[in-house]
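Structure at a glance
In case you want the letters, here they are:
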Amino acid sequence: MKNKAIIVLVIVITFWVIVFTIFIFCLPRPLFNDPYSTVVLDRNGELLGVKISPDGQWRFPESASVSDKFEACIIAYEDKRYYNHLGFDPIAIARAIRQNISSGETVSGGSTLTMQTIRLSRKGKPRTIFEKGIEVILAFRLELGYTKKEILNLYASHAPFGGNIVGIEAASWRYFGRSPDELSWAENAMLAVLPNAPSMIHTAKNRDLLKLKRDNLLKRLYENGTITKTEYQLAIDEDIPEHPLAYPMHAYHLVCRAAAEFSHTHHKINTSIDLSLQKQANEIVNQYNQRYLKNNINNIACLVIEVETGNAVVYVGNADINSDIPEKAVDMIMANRSTGSILKPFLYAASLSAGEILPKMLLKDIPTKMGSFSPENFEHEYAGAIPANEALARSLNIPFVYMLKEYGIMRFLYILKCLELKSIDKSSEHYGLSLILGGAESSLWDICAAYASMARSLKHYNLFQSRYSLSDYHPAKYIKEDKNDENEISLKETSFFSAASIWFSFEAMSSLNRPGQEKQWQTFSSKQKVSWKTGTSFGFKDAWSIAVTPDYVVGIWVGNATGEGRNGITGLRVAAPVLFEILNILPNYKSWFEMPYDEMVYTSVCRESGHLAGQYCNNIDSVWIPAAGINSDACPYHRLINLDATGSYRVNSDCYPIESMQQQSWFVLPPIMEAYYRISNSWYQTLPPFLPNCDDNSFKSGEIMELIYPSQLSRVLIPIDLTGDTLPAVFKAAHRNSESTIYWYIDTKYFGSTKNFHEMDFKLSPGKYLLTLMDDKGNKISKEFVVICRE
């Protein structure tokens, strides 16, 4: 008997241990495993947009808490003894049984809010007595593991509020367009009665019934002392909303991007976007989009980044997302597009950092053909020679092609890699010199980040006692960080961009002197000084405009996502106007970038050439230049010439007495550069003629006349017309003396002469030839070339 009693005791204990274990672990963790909508918030917690959950429900992530008003409303309506029971209410259950028996049908369930929370988590189980018993047990277990506030929050986050709206936050935005914390008593009361019968009650179809239920609840709140008489009277006067509202969508493309990148880990995403600026930018972009649609220009993107943090504060991936045009759904901030001229400031800064140019150094701007590559300036005009900073301000193509050739494509690709332009990842042979004219593709996101990194590095240079932070160059971000990185900042003495080169680059980009097509910039307005750059891709497919201030970088892209080009798609015409409108909504900065004097030297520079002053330079300016520039070449264009006593003719010792000569420094450009330079520079003086019977022995033939096309020639490509015949090739030359005659020879055959305008057509068959040019003074230049015909 004793052994039997022990066995029975063990069985009983084991049974209760099992029961207790089952009870302890009967609740799933988490209680709800539903897919959530992706909710994207701005930097202040305001709703930017929401993306529906994978199961087609508008179900916001669980809230941290429930507002006091909604808590009072839902408890008064559903479970007035909520804080006085352990998950089930015997009084309510007894009342429900009595009501159901007396009516002959189920009219009351007697469920507490805790039991309703359990029922919601069990997803549509049948409402049977057995199921009710399970709910009682699980509700009791839920009460043991959660606080009352936590249970209430679970209920409010998963209760149905009509249609596919789930949870108090989704309902608050859907019906009232505000967060739950901002709702009135009447609005909270309406939401409190909705879960009781969400399929029956509709704000449009059953507004009277819904208002009756809401007002009865408000009366109950007044009677139990929750609200005052005045609050009650004001509340019952509020109307029921007629129709559900669309959820806010102020940044459609950012919401989609955030959902794709973070929805597997986060359902509520706090971004760095400023909602106020975002709304203003949306309005500006949409206004311009309506204007540009008349020219079949369909897409605009706008990005604003904080310089200090790299955080995006405005993100307009495309204009007018509600349009019927399909490509509006494309996020053009992240799309890789031809960069046009937008990379030129990077090359300018790199060349300054390397000491290969000075800010006002003359660069070559002449007709150019390098093999099959024939770059041209936008306006098909040439300055002959132009200061480097003006070439950047005017975005001239030819000077930057030569600059890239001197700097090296591979070196420049390394710079772009340091700037984290990730899509520019091919070899130097792939891009060639067209890299600087739009031969590569990048995104507005990466380009704006690169400009912001440059500005950040310049700002921090003086802050960190003339040193560079390793962390200044980084990609842009749009996720709000909980706190700043408190780690120690790593500093170094040098960077791939010197602070001085960045400062001079931004100064050139802020130039008020923008000749040519850039003159139109004066039609724009900005409250403060700004550095900005435009770009246009080949075929008028992409228009760019980037602006930099000490606080923000603004980037605009305009074009067609389909890649269709339009004549009006230029950076200055369509992107810059949007840019300056956006600049005008941004807060003013306190001060412009400080000059980084520790990376500059104060030295003498030739006023005409912009080079370091040479021994023959007459006009010398003392200016600040990047320190690396102190090792650049002295002025190569000033030279001493011998003049007769009147100063009207050049002479030499073979034809004129030495004692009667006078020496004078003269600014002399190479023939091709001079031919174009003197057109727009009236002060430029060509060399005086030689005194009759005096020979010019101070210049080589190549310094007197020069081939414009083909230059540095080895191959000449000649097209074949439809008849199979070859078309003529046009050769051009320049002579220092505009009155000279040039005689043209191919091999030993004389073809003719030119005067003033030196251009000659040759109809040649494939083969190897020798071109010879001779002037009326006997100066001669010769070059070999090969003719290749192509269809």
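Before any of the text, the structure's been laid out above.
Residues numbered from 1 in each chain as written. Predicted model: local features only at pLDDT ≥ 70, side-chain atom pairs only at ≥ 80, totals over all residues. Heavy atoms only, no water.

Our focus in this paragraph is the nonpolar core. Judged by nonpolar contacts, the single largest core of 112 residues is most densely connected at Phe346, Phe412, Leu416, Leu419, Leu435 and Phe497. At twelve residues, the largest contribution of residues to this core is made by helix H18 (residues 444–463). Membership of the second largest hydrophobic core comes to 58 residues, among which are Leu142, Ile165, Trp185 and Ile240. (Core = buried A, V, L, I, M, F, W, Y, C linked by side-chain atoms within 4.5 Å. Buried < 20%, exposed > 50% of the residue type's maximum accessible area, 1.4 Å probe, protein only. Helix = DSSP H or I, 4+ residues; strand = E, 2+ residues; numbered from the N terminus.)

What follows concerns empty space enclosed by the protein. Counting across every chain of the model gives three cavities of 30 Å³ or more. Its boundaries defined by the atoms lining it, the largest cavity holds a volume of some 120 Å³. What lines the largest cavity is a set of 13 residues, and nearest its centre among them are Gln528, Thr549, Leu583, Pro587 and Tyr589. For the lining of the largest cavity, a count of residues per class yields six nonpolar, four polar and three charged. (1 Å grid on protein atoms, 1.4 Å probe; cavity = no way out; pocket = protein on both sides within 12 Å on 5 of 7 lines; lining within 4 Å. Points joined across faces, edges and corners; volume = space filled by probe spheres on them. Nonpolar A, V, L, I, M, F, W, Y, C, P; charged D, E, K, R; others polar.)

Tallied over the entire structure, the rule returns 32 aromatic pairs. Arranged with centres 6.1 Å apart and planes meeting at 70°, the rings of Trp683 and Tyr684 form a pair that is edge-to-face. Ring pairs connect the aromatic residues Tyr637, Phe667, Tyr677, Trp683 and Tyr684, which therefore count as one cluster. In this structure, Arg411 is placed above the aromatic ring of Tyr407, and the distance from its NZ or CZ to the ring centre is 3.9 Å. (Phe/Tyr/Trp six-rings, centres within 6.5 Å; stacked < 30°, edge-to-face > 60°. Lys NZ or Arg CZ within 6 Å of the ring centre and 35° of its normal.)

Judged by pairing direction, the sheet is mixed, and its three strands sit side by side in the order E2-E1-E5 without closing on themselves. Of all the strands in the sheet, just strand E2 (47–51) and strand E5 (268–270) have a single pairing partner and so form its edges. Neighbour to neighbour, the strand axes of the sheet diverge by 15° on average, direction disregarded. Direction of pairing for strand E1 (residues 38–41) relative to E2: antiparallel, over a ladder of four bridges. When the bridges of E2 are listed, Val39 appears paired with Val50. (Pairing = 2+ DSSP bridges. Axes fitted to C-alpha atoms, helices over the stretch in contact; angles between N-to-C directions.)

Turning our attention to unusual backbone geometry. A positive phi angle, close to 55°, is found at Ser395, a residue other than glycine. Mapped onto the fold, Ser395 is located in the loop between helix H14 (388–393) and helix H15 (397–407). Of note, Glu420 is a non-glycine position whose phi angle comes to about 65°, a positive value. Along the chain, Glu420 turns up in the loop between helix H16 (409–418) and helix H17 (428–431). Overall, the relative accessible area of 27% leaves Glu420 in the partly exposed class.

This brings us to the pairing of strand E25 (residues 749–755). For a regular strand, the rule is simple: side chains alternate between the two faces of the sheet. Where strand E24 (residues 741–746) and E25 come together, six bridges link them in antiparallel fashion. In the sheet register, Ile742 faces E25, and the bridge partner there is Thr754. Hairpin connection from E24 to E25: two residues lie between these consecutive antiparallel strands, with Asp747 at a positive phi of about 55°.

We now examine the pattern of salt bridges. In the structure shown here, the tally under the stated rule is 24 salt bridges. Notably, a salt bridge pairs Asp34 with Lys123, separated by 2.9 Å at the nearest N-O pair. Here Asp34 is found in the loop between helix H1 (2–24) and E1, whereas its partner Lys123 is found in the loop between helix H4 (113–121) and helix H5 (129–145), with 89 residues between them in sequence. Classification of Asp34 by relative accessible area gives buried; the value is 13%. A relative accessible area of 48% places Lys123 in the partly exposed class. Close ionic contact of Lys459 with Asp551 constitutes a salt bridge, the shortest N to O distance being 3.9 Å. Taken as a pair, Lys459 in helix H18 and Asp551 in the loop between strand E15 (542–548) and strand E16 (552–559) lie far apart in primary sequence, 92 residues in all. By relative accessible area, Lys459 is classed as partly exposed at 28%. A residue is classified by how much of its surface remains accessible, and Asp551, at 28% relative accessible area, is partly exposed. Linked by salt bridges that have partners in common, Asp34, Asp55, Arg59 and Lys123 make up one network. (Salt bridge = Lys/Arg side-chain N within 4 Å of Asp/Glu carboxyl O.)

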